[in-house]
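Given next are the chains, with one letter for each unit.
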Amino acid sequence: MNVLVVDDQYDVVQGVLTGVDWRKLGITHVYQAYSADEARRLLHEKEIQVLLCDIEMPRENGLELFKRVKEDYPDLQCIFLSAHSEFEYAKEAIQLGSFDYIVQPASYEDVQASIERAILQIEANSERRELYEYGAYWRENEPFLLENYLRSFLLNSGHSYQQLQRDLNNLNIRLTTQTSFRSVLIQYAKPGEQAGKDELKREVVQLMEPYNLKVLFAQLDDANYMAILYTEGSFDAPVESLLKQLIVNVQKKHSCSIICYFSDIGLADMLKQHYQTLCQMRQHNVALYSKVFTRQDMNYLKEGSYGVPDMQEWAMLIANGGSRKVRGEIHNYMEQQKGKGMIHAEFLARFHQDFIQLFFAVAKQMKLDASEVFFNRYPYSEYIQAYASLNKMLDLINFVLDYVEGHTTDANLIPDPIERVIAYIDKNIEKSCSRAEIAEAIYMNPEYLSRLFKKVKGIALNDYITMKKTEIAKSLLTNTNIPVNLIASKVGYSNFSYFSQVFKKYCGLAPLEYRQRKEQE
């Protein structure tokens, strides 16, 4: 199996070449082209099955290239990569018969998954041609064919419902306009711990038989299976209760945890639409709750609020050698949120963003090279996609905190933030020190800084600054002959009148009166 990558940008091509695990896909050769002309030459000279192509290229774009070559290479599967999400591009790509359309930026995992599906489609097409030639082989391999047809239909955006109908008709399975169905996406919570495909299918069929529900069953990948429940009569089976029993049976008999997502009742031509909805439901279940999910359940899960943890407190602890304490607090926080049923995709994405910002802030203060973590030590793609599951997020957190602990020495521990505030005020007493300026100088949030300062010192930050300036002004008035207006500027007041007002408020006397009284004493 050979692949051709076409893009006029050298870095993009090289990124795909290095970012995709070609050996895992079973790809023999990966050719590269930087123009449509070069691509046509390689298609003519080499036996290429998958075309991975950019759309925007000079002289001749990717859509035009595929349009010209598809007649000569009808089995070629084309995957478009484009930074454009406009509907017209996607529409034209579909009309041309492309296999997939991926909007950039996309992870290399998504690109690899699309190529894998294209390979499955190529194999399916090849197998289908052979099977048409050998009708006896069809009958002998009916279960395999059924699963392959379902998988190709669900995973291939270009495989139409009409084609599925024809494929199923060849296996004497009839889906009519009156067929009612419910789709069930079954996911193993731990892919390494699962029953066999036949065992899972048997459990599903046995539960549905008493309600005269027929089952179309297909394995989609290592951890996900699809069961299509259908009937020509009224669909009144208690599917949710049956799926709850399925979860219990699989746990009891096979010691495996499964998750079930099931659709509303629909007609057969809505199969793909409902499958896409189930995939979205699965995407939101980042904590892998082992239960039955309906669309209403997922809406409730998504509507749960994100309780923002005290990231500033964690940042301070990490910067002062408290990574272990923070690790425990984060794990406890996640367990609490999971127990409340509040962890969903948006929740984890927001936490991921906040935690990464926290780490970069701490790394800057501790003079650590943050880029070393996510480019040299931790796979960049896993860092970007860590919010896709709770386990991945916890792995990232553990790695980051391990890294900080391993690079924490007495030399790079950050001094107490209140001490840094006071030191900054003392050093800049001749300036008009604002809360925002101080917070920026010590890498803290202004509001958090104010709360922390008041908590530790028992006085508001602005009041402390004023008090400090007043004390210095009193000392200068008492021990020097510096003019009062110059003293005002030395403690950060450009407006002498305002300085006098503030001084009198704190001391009960105007600056000049205060000096005169001290001289008399």
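What counts and how
Along each chain, the written sequence defines residue order, and numbers are assigned to residues from 1. The model is predicted, so local features are restricted to residues of pLDDT at least 70 and side-chain atom pairs to those at 80 or more, both for listing and for counting; the totals for chains, interfaces and linings are taken over all residues. Excluded from the side-chain calculations are hydrogens and water; all other atoms, namely the structure's heavy atoms, are used. Note on conventions: DSSP H or I runs of at least 4 residues are helices, E runs of at least 2 residues are strands, and numbering of each starts at the N terminus. Think of it in three bands: with a 1.4 Å probe and only protein chains considered, a residue is buried below 20% of the maximum accessible area for its type, exposed above 50%, and partly exposed in between. We define a nonpolar core as any set of buried Ala, Val, Leu, Ile, Met, Phe, Trp, Tyr and Cys residues linked to one another through side-chain atoms lying within 4.5 Å. By the convention used here, residues are in contact when the closest approach between their heavy atoms is within 4.5 Å. Pairing between two strands requires that DSSP report at least two bridges joining them. Angles shown run from 0 to 180 degrees and are taken between the N-to-C directions of axes, each axis being a line fitted to C-alpha atoms and, for helices, limited to the stretch in contact. An expected span of 1.5 Å times one less than the residue number is assigned to each helix. It is the directions from the helix axis to the C-beta atoms that the arc portrays. Two rings belonging to Phe, Tyr or Trp (six-membered ring only in the last case) form a pair when the distance between their centres is within 6.5 Å. Interplanar angles under 30 degrees mark stacking, angles over 60 mark edge-to-face geometry, and anything in between is tilted.

A.B. asks: How should I be thinking about the side chain of N224 in this particular structure?
C.D. replies: Within the secondary structure, N224 sits in strand 8 (residues 224-231). Using a relative accessible area of 7% as the deciding quantity, one classes N224 as buried.

A.B. asks: I keep staring at the nonpolar core and nothing clicks. Help me out?
C.D. replies: The tendency in soluble globular proteins is for nonpolar side chains to be buried side by side. In terms of nonpolar packing, the biggest core is built from 71 residues, with M334, I343, F351, F355, F359, F374 and L396 touching the most fellow members. Residue contributions to this core peak at 11 residues, all from helix 16 (residues 345-366). Apart from the residues lying within four places of it in its own chain, the contact partners of M334 are I343, F347, L348, F351, L390, M393 and L394. Listed in part, the 27 residues of the second largest apolar core include A195, L207, V215 and V292.

A.B. asks: Would you take a moment to explain the environment of G321 for this structure?
C.D. replies: Considering the arrangement of structural elements, one finds G321 in the loop between helix 14 (311-319) and helix 15 (323-339). Along the primary structure G321 and E405 are separated by 84 residues, whereas in three dimensions their C-alpha atoms are 7.1 Å apart.

A.B. asks: Even after reading the chapter, I still don't get the sheet that holds strand 2 (residues 29-33), so can you show me in this structure?
C.D. replies: Working definition: the strands of a sheet are paired by backbone hydrogen bonds and lie parallel or antiparallel to each other. One open sheet holds the five strands; their spatial order is 2-1-3-4-5, and the pairing between them is parallel. The open sheet has two edge strands, strand 2 and strand 5 (100-103), and neither has a second partner. The average angle at which neighbouring strand axes cross in this sheet is 15°, direction not considered. Note: strand 4 (residues 77-82) against strand 5, four bridges, orientation parallel. When the sheet's bridge partners are listed, I79 is paired in strand 5 with D100. Across the face of the sheet, helix 1 (residues 10-19) comes into contact with strand 1 (2-6), strand 2, strand 3 (50-54) and strand 4 while running at roughly 170° to strand 2. On the sheet, helix 3 (residues 36-45) packs against strand 1 and strand 2 and is oriented at approximately 150° with respect to strand 2.

A.B. asks: What is the right way to look at helix 15 in this model?
C.D. replies: Here helix 15 is 17 residues long and its end C-alpha atoms lie 24 Å apart, about the 24 Å a rise of 1.5 Å per residue gives. Residues S323, V326, R327, I330, Y333, M334 and Q337 constitute the buried set of helix 15. Relative to the axis of helix 15, the buried residues are bounded by an arc of 130° and lie together on one face. In helix 15, the exposed positions that point more than 90 degrees away from the buried face belong to R324, E335 and G339. The elements touched by buried residues of helix 15 are helix 14, helix 16 and helix 19 (390-406). Downstream of helix 15 by a residue or two, G341 has a phi angle that is positive, lying close to 75°.

A.B. asks: Help me understand the packing of aromatic side chains, please; the structure alone is not making it clear to me.
C.D. replies: For any pair of aromatic rings, geometry is given as the distance between the ring centres together with the angle between the planes. One pass over the full model with this rule turns up 16 aromatic pairs. Relative to F80, the ring of F66 has its centre 6.0 Å away and its plane inclined at 85°; by these criteria the two rings are edge-to-face. Placement of F66 in helix 4 (residues 62-69) and of F80 in strand 4 is noted, with a sequence separation of 14 residues between them. An identical accessibility class is assigned to F66 and F80; each is buried.

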